[in-house]
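# Results of the structural survey
If you want the building blocks of each chain, they are given just below.
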Amino acid sequence: MSLILRLCGLCLALAMLTACAVPGKGGASIEEIQRAAYVHNGPPRLTLFTMISTRSGQGAHSSLMINGSQRVVWDPAGTFRKEGIISRDDVVYGMTPYLADVYTRFHARETFYVVVQEIDVSAEVAELALQKAMSYGAVPQAQCALSTSQLLAGLPGFRDIKVGYYPRKLMDQFEAK
């Protein structure tokens, strides 16, 4: 009986995590990525987006906007699609203020709201985050928080981030920074 309960719990957890699932994103060429690059004049910054279910209060997706030598969104296993966006693996390039707003609004709807948390970092930390995101590769389904927490835990000042599968737990850890 306890095996059945554990299996049911595992199925429920996997079902909750599939909100951040989409099969492989397209791969823009290096030339397209270079043309799309957007340099934001704000401070070096990491912005964690956490999508929360209005029904359950559970986290449904994690992503990270990185303002380094260019501004991108690391959208692991994400579903963001808009005509003309340039992405490779799970990095969305050219994150102008307009596109950042579109990205946030894309995720906010009747069934989800978006928590946006910002932390200013050194230029070196922002650039390291950018390089880690760009070299990570495509993230498998249901691993948005896992990959985002791994990326963050590899950065100076964030090494105490516990790597895990739950967007809400990652949000709480980011808040404590």
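This text goes with the structure placed above it.
To start, this report covers the structure provided alongside it. Only a predicted model underlies this, so the values are computations on that prediction, with no experimental measurement involved.

So, on to helix α3 (residues 97-107). All of the buried residues in α3 are L99, A100, V102, Y103 and H107. Buried residues of α3, viewed axially, fall in a sector of 160 degrees; they line one side. In α3, those exposed residues whose orientation departs by more than 90 degrees from the buried face are Y98 and R105. Of the surrounding elements, those touching the buried residues of α3 are β1 (45-53), β2 (59-67), β3 (71-74), β5 (91-93) and β6 (112-120).

This paragraph deals with the nonpolar core. The biggest cluster of nonpolar side chains holds 29 residues, and the ones touching the most others in it are L46, L64, I66, W74, L152, L155 and F158. Those elements that place two or more of their residues in this core are α2 (30-36), β1, β2, β3, β5, α4 (123-136), α5 (144-153) and α6 (167-175). Ranked by residues supplied to this core, first place goes to α4 with five residues. When sequence neighbours within four positions are dropped, the list of residues in contact with L46 reads L64, M65, I66, Q117, E118, I119, V121, A129, L152, L155, F158 and F174. Within the second largest apolar cluster, 13 residues are counted, among which are F49, M51, V73 and M95.

The next subject is the side chain of H107. Summarising the element assignment, H107 is placed in helix α3. In contact with H107, not counting residues within four places along its chain, are M51, H61, T79, F80, F112 and V114.

Along the polypeptide, L146 turns up in helix α5. The buried category is assigned to L146, whose relative accessible area is 12%. In this structure, L146 is in contact with V163, G164 and Y165, ignoring residues within four places of it in sequence.

Definitions and cut-offs
- Residues numbered from 1 in each chain as written.
- Predicted model: local features only at pLDDT ≥ 70, side-chain atom pairs only at ≥ 80, totals over all residues.
- Heavy atoms only, no water.
- Buried < 20%, exposed > 50% of the residue type's maximum accessible area, 1.4 Å probe, protein only.
- Helix = DSSP H or I, 4+ residues; strand = E, 2+ residues; numbered from the N terminus.
- Arc of directions from axis to C-beta.
- Contact = heavy atoms within 4.5 Å.
- Core = buried A, V, L, I, M, F, W, Y, C linked by side-chain atoms within 4.5 Å.

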